[in-house]
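Examination of the molecular architecture
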Amino acid sequence: MKKSFAILMAAVTVCAGTAGLTACNDDAIVIGVTDYEPMDYRDENNEWVGFDAELATKVFENLGYKVKFQEIDWETKIVTLNAGTIDVIWNGMTVTDELKENITLSEVYLENRQYGLVKTEYQSEYTSIASLEGKKVAVEASSAAENLIKNISCTKNKLATQSAAVMEVAAGTSDIAIVDYTMAKTLTSEGSDYYGTLVAVDLGFEVEEYAVGFRKGDTELCAKVNAQLKTLTENGFILELARKYGVANLLKG
Amino acid sequence: MWWNVTVTLLEGFGMTCLIFFLTLIIALPLGLIIAFGSTSKFKAISYPVKILVWIVRGTPLMLQILIFFYAPGLLFGWHGLERFTTIIVAFSINYACYFSEIYRSGFQSVPRGQYEAGQVLGMTRRQIFFKVIMMQVVRRILPPMGNEIITLVKDTSLARIITVQEILQVAFSRYVSKGIIWPLFYTGVFYLLFIGILTLLFHYLEKRMSYYRI
């Protein structure tokens, strides 16, 4: 009896010890994301997948970190990052001067463009940036798109998400939504409710660069990630992943 | 800086107040009509009204706003209501339903004897309603009404879901998005002051109404 008790106690101690150890090693990097297909989105098992999600997992796995995904409000991303709720923003983030000032950014890993989404029957009305004048334009608040239409005289409807901006167009409450190329492509492809009713139009917006964001001064982690991005580009991992998620034509160079 | 932020937030707060007062003006009488409907002796009236109240109280106000704004266009291709109008309609219907239940509780809590006493004194039905019942009802429903009205002040922040420029939306779009956080918390002061005034007002009204205690 005494012996079995001793064994039990030993087992408990070992278990507790291992549990403690794993907790200590559980140095997970928390990645801030929004639901943004095909970069970061939830699959049918509610797991985060997408080009950015898989790339981030691979990069941090190679660096010996576990990753955790945390859904954030895009408008308050900088605050969330600085508050320590998340460690990294990896969510198809377009580099802007404002971001450069406030956070540390990785090398550019994708190049994106903004597209318009309009009802199919009005497609011919939208050929250039100038055709936005006097229209009701829906954008995500604080997004690259909002920045692009800053000086255009049009009604600006600033929604909380890109998908809400697109819904405005489908409901007819806005004439056009300006969203990322990847988003526009996903939403107009088969399987989407908008397939056939909405169409993506190229208005000739300038190229934007996607980068990963770190807390200002977190240059050590940034350098490690940059090195990994270089390696994964060279060994073809990134190209393969980009093909999988249909963003291969956004790869640099 | 502080002064500029205050002025900018006040613009948003103007919208907040506008939503609040318009909703109140429409929902207070509308709630009374709904209360009469749901207590009607005719089932053809009371059942549909009860179902309406169930639907409105059974779904989030945010969802109701989204449905009022987007559903006409999405389902029928209609040109729906403007953003601000949508907010007033959705808020008024929502709050009218909550108010109706408060009114109902008020009417049903007045003892039968009060009606009978009026009859004994030879009062007409009209006189009984306005001179005997009404003031007792008002006195009884004041505290729950105050509660609901205070909730309305804070619910106005839901208008931002369809980009109506109320105070929180202004704080987010003008400051938080540029990395300036404190104006977001500063908006709390505006709500607190407004609700502080409402609280005092309701205290005063309750005191005045204590005359009608039975």
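Here the structure is shown first, and the text comes after it.
The notes below deal with the structure included here.

Right, let's get into the overall build of chain A. Along its length, chain A carries nine helices and 13 strands. Within the structure as shown, chain A displays about 12500 Å² of accessible surface, and the carbon and sulfur contribution to it stands at 51%.

Turning to the overall build of chain B, a few remarks are in order. Secondary structure assignment for chain B yields eight helices and zero strands. Element order for chain B, N to C, with α for helix and β for strand: α-α-α-α-α-α-α-α. With the C-alpha coordinates of chain B rotated into their principal frame, the extents come out at 70 × 45 × 20 Å. Here chain B, with 214 residues, has 43% of them falling under the buried criterion. Restricting to contacts in chain B with at least 6 residues of sequence separation, those with at least 24 account for 77%.

A few words now on the nonpolar core. What tends to happen in soluble globular proteins is that the nonpolar side chains get buried as a cluster. Formed by 108 residues in total, the largest nonpolar core has its most connected members in F51(A), L55(A), V88(A), W90(A), Y109(A) and F91(B). Leave out the neighbours within four places in its chain, and F51(A) touches P38(A), M39(A), Y109(A), L110(A), I238(A), L241(A), A242(A), Y245(A) and V247(A). One finds V139(A), A145(A), I176(A) and I178(A) within the second-largest nonpolar core, a separate group that totals 15 residues.

This part takes up unusual backbone geometry. Negative phi values dominate among residues other than glycine, just as trans dominates among peptide bonds. Residues and elements named next belong to chain A. The step from E37 to P38 runs through a cis peptide bond, and the omega angle for that step is 0°. Residue placement: P38 occurs in the loop between β1 (29–33) and β2 (41–42). Within the chain, N46 stands out as a residue other than glycine whose phi angle is a positive 70°. Along the polypeptide, N46 turns up in the loop between β2 and β3 (48–49). Unlike most non-glycine residues, S142 shows phi in positive territory, near 60°. Tracing the sequence through the fold places S142 in the loop between β9 (136–140) and α5 (144–148).

A few words on the sheet that holds β9(A). Residue and element names in this part refer to chain A. Spatially, β10-β9-β11-β8-β12 is the arrangement adopted by the five strands of the open sheet, whose pairing is mixed. Looking along the sheet, the strands with just one partner apiece sit at the ends: β10 (155–159) and β12 (198–201). Neighbour-to-neighbour, the strand axes of the sheet open up by a mean angle of 30°, direction not taken into account. In this structure, β9 lies alongside strand β11 (residues 176–180), joined through two bridges in parallel fashion. Within β11, the residue paired with V137 across the bridge is I176. Where helix α6 (residues 162–171) meets the sheet, its contacts fall on β8 (114–119), β9, β10, β11 and β12, and the angle it forms with β11 comes to roughly 150°.

This part covers the side chain of S92(B). You can see S92(B) is positioned in helix α4 (residues 83–109). Filtering out sequence-adjacent residues up to four positions away, S92(B) remains in contact with T23(B), I26(B), A27(B) and L30(B).

Attention shifts here to the side chain of T163(B). Tracing the chain through its elements places T163(B) in the loop between α6 (125–155) and α7 (167–174). On the basis of relative accessible area, T163(B) is assigned to the buried category, the value being 9%. Side-chain polar atoms of T163(B) contact the side chain of R83(B), separated by 3.4 Å. In contact with T163(B), other than residues within four places in its own chain, are K158(A), L159(A), R83(B) and Q169(B).

As a further point, take helix α8 (residues 219–234) of chain A. Residue and element names in this part refer to chain A. Between its first and last C-alpha atoms α8 spans 22 Å; for 16 residues at 1.5 Å apiece the expected length is 22 Å, and the two agree. Among the residues making up α8, those that are buried are L221, C222, V225, N226, Q228, L229 and L232. One side of α8 carries all its buried residues, which in axial view fall inside an arc of 165°. Among the exposed residues of α8, those pointing more than 90 degrees away from its buried face are T219, E220, K230 and E234. Turning to α8, the residues buried within the fold contact β1, α2 (51–62), β5 (88–94), β6 (104–105), β13 (208–214) and α9 (237–244). Two residues or fewer after α8 comes G236, characterised by a positive phi angle close to 85°.

The next subject is the packing of aromatic side chains. Residues and elements named next belong to chain B. Going through the model one piece at a time under the given rule, you end up with 22 aromatic pairs over all chains. Ring centres 4.9 Å apart and planes at 65° place the aromatic pair F69 and Y70 in the edge-to-face group. We classify Y70 as buried; its relative accessible area is 3%. Three or more aromatic residues link up through ring pairs in this structure, and these residues are W2, W3, F13, F20, F21, W182, Y186, F190 and F194. Taking NZ or CZ as reference, R112 lies 5.5 Å from the ring centre of Y115, over its face. Positioned above the aromatic ring of F172, the side-chain terminus of R160 is 4.1 Å from the ring centre.

Another aspect to go through is the pattern of salt bridges. For side chains bearing opposite charge, pairing can occur when the charged atoms are close. The full count for this structure, using the stated rule, is 12 salt bridges over all chains. Across the salt bridge formed by E75(A) and R160(B), the nearest N and O atoms sit 3.4 Å from each other. Taken together, the residues E75(A) in the loop between β4 (67–71) and α3 (77–82) and R160(B) in the loop between α6 and α7 connect one chain to another. Two residues, E234(A) and K230(A), come together in a salt bridge whose shortest N-O distance is 3.7 Å. Of this pair, E234(A) and K230(A) both sit in helix α8, four residues apart, which is roughly one turn of that helix. Overall, E234(A) belongs to the exposed group, its relative accessible area being 62%. One salt-bridge network, in which partners are shared between bridges, spans R57(B), E101(B) and R104(B).

Another point: the interface of chain A and chain B. Across the boundary between the two partners, chain A contributes 17 residues, which contact 17 residues of chain B. When chain A packs against chain B, close to 1400 Å² is buried across both sides, 58% of that on carbon and sulfur atoms. There are four residue pairs in polar contact (both at pLDDT 80 or more) connecting chain A and chain B. At the level of elements, β10 and α6 of chain A are the ones that each hand at least two residues to the side of chain A that touches chain B. Counting residues per element, the side of chain A that touches chain B draws most heavily on α6(A), which supplies five residues. Among the residues making up the side of chain A that touches chain B, the classes are represented as six nonpolar, five polar and six charged.

Cut-offs used in this document
Residues numbered from 1 in each chain as written. Chains lettered and ligands numbered in written order. Predicted model: local features only at pLDDT ≥ 70, side-chain atom pairs only at ≥ 80, totals over all residues. Heavy atoms only, no water. Helix = DSSP H or I, 4+ residues; strand = E, 2+ residues; numbered from the N terminus. Areas by Shrake-Rupley, 256 points an atom, 1.4 Å probe, with all protein chains shown as cover. Buried < 20%, exposed > 50% of the residue type's maximum accessible area, 1.4 Å probe, protein only. Contact = heavy atoms within 4.5 Å. Core = buried A, V, L, I, M, F, W, Y, C linked by side-chain atoms within 4.5 Å. Pairing = 2+ DSSP bridges. Axes fitted to C-alpha atoms, helices over the stretch in contact; angles between N-to-C directions. Polar contact = N/O pair within 3.5 Å; in protein donor to acceptor, adjacent residues only side chain to side chain. Expected span 1.5 Å × (residues − 1). Arc of directions from axis to C-beta. Phe/Tyr/Trp six-rings, centres within 6.5 Å; stacked < 30°, edge-to-face > 60°. Lys NZ or Arg CZ within 6 Å of the ring centre and 35° of its normal. Salt bridge = Lys/Arg side-chain N within 4 Å of Asp/Glu carboxyl O. Buried area = accessible area lost by both parts, 1.4 Å probe. Nonpolar A, V, L, I, M, F, W, Y, C, P; charged D, E, K, R; others polar.

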